[in-house]
Amino acid sequence: MEAREEAAAKAGGLLAGARMAALGTLGASGHPLVSLVAVATLATGSPLLLLSRLALHTKNLAADPRASLLLRDEGASDPMAEARVTLIGAMTPVADPSARPRFLARHPEASLYVDFTDFGFYALAVESAHLVAGFGRIVDLTGAEILAAMR
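What comes next is a walk through the structure.

Criteria and cut-off values
Residues numbered from 1 in each chain as written. Predicted model: local features only at pLDDT ≥ 70, side-chain atom pairs only at ≥ 80, totals over all residues. Heavy atoms only, no water. Salt bridge = Lys/Arg side-chain N within 4 Å of Asp/Glu carboxyl O. Helix = DSSP H or I, 4+ residues; strand = E, 2+ residues; numbered from the N terminus. Buried < 20%, exposed > 50% of the residue type's maximum accessible area, 1.4 Å probe, protein only. Patch = residues over 30% accessible without salt bridge, like charges linked within 9 Å, V, L, I, M, F, W, Y side chains within 5 Å. Areas by Shrake-Rupley, 256 points an atom, 1.4 Å probe, with all protein chains shown as cover. Lys, Arg positive; Asp, Glu negative; His and termini not counted. Charge placed at Lys NZ, Arg CZ, Asp CG, Glu CD. Polar contact = N/O pair within 3.5 Å; in protein donor to acceptor, adjacent residues only side chain to side chain. Contact = heavy atoms within 4.5 Å. Phe/Tyr/Trp six-rings, centres within 6.5 Å; stacked < 30°, edge-to-face > 60°.

1. Things to note about the pattern of salt bridges
Using the criterion set out here, one finds 4 salt bridges in the structure. The residue Arg66 makes a salt bridge to Asp64 at a minimum N-O spacing of 2.7 Å. The closest approach of N and O atoms between Arg100 and Asp115, which form a salt bridge, is 2.8 Å. With Arg100 in helix α3 (residues 99-106) and Asp115 in the loop between α3 and β7 (119-132), the pair connects residues that are 15 residues apart, well separated along the chain. By relative accessible area, which is 57% here, Asp115 ends up exposed.

Okay, here's the thing in C-alpha cells:
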C-alpha cells in the first residue's frame, strides 16, 4: 500500500486537476441523488462549485449540507483501473471574493451564467476521503491530509 503522504498527494492531485465531479446529496426521502457538476478549488484547496438554487441538489444541500464528491483522472483510458477519490463533508455557501475568478479560470464557459441571481458558490469542507489508487490500493484519508498535500 502507498504511504499515507503519497496517497494524500494522489488525492490532492486529482482534486487540483479536476474539472468535473459527481456530487452526491441526500434527498428529502433519504435517498441519495448524484449529479454531474463542474468543480474548481479555493486557495485553501477546498472544492468549489457554482450551483443554481433551482437545482434539486442545491435544494437538498439547503436541507442537509452533507455531501460527497467523486473525482477521477479525466484523461484515463480505463477509469476503473485509474485513481479516483470520494471526498466527504459538508457543503456550504461561499462568500470568498476569490471564488468567482478562481472558478472562471477553470471554467470560462460559466461566464455566461455566473451572474444569474439563482447561482452561487459553494465549498465542500472535506472531512474525510476514500481513495482508490488502482486495483487493491485503497486508502481512507482525512481532509486535513489532502489539503496539506496540496500546499
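2. Topic: a negative patch on the surface
Among the surface-exposed residues, Asp73, Glu74, Asp78 and Glu82 lie close enough to one another that they form a single negatively charged patch. Tracing the backbone through its elements, the reader meets Glu82 in the loop between β5 (66-72) and β6 (84-93).

3. Overview of the side chain of Ser35
Within the fold, Ser35 resides in strand β2 (residues 32-38). Within polar-contact distance, the side chain of Ser35 engages the side chain of His57 at 3.0 Å. Setting aside chain neighbours within four positions, we find Ser35 in contact with Ala21, Ala22, Leu23 and His57.

4. Brief notes about the packing of aromatic side chains
Any two aromatic rings considered together are summarised by their centre-to-centre distance and by the angle between their planes. Enumeration according to the criterion identifies 3 aromatic pairs in this entry. A centroid spacing of 5.1 Å and a plane angle of 40° characterise the contact between Tyr113 and Phe119, whose relative ring orientation is tilted. According to the relative accessible area criterion, Tyr113 is partly exposed, its value standing at 28%. The partly exposed category is assigned to Phe119, whose relative accessible area is 22%. Cluster of aromatic residues (ring-pair linked, three or more members): Tyr113, Phe116 and Phe119.

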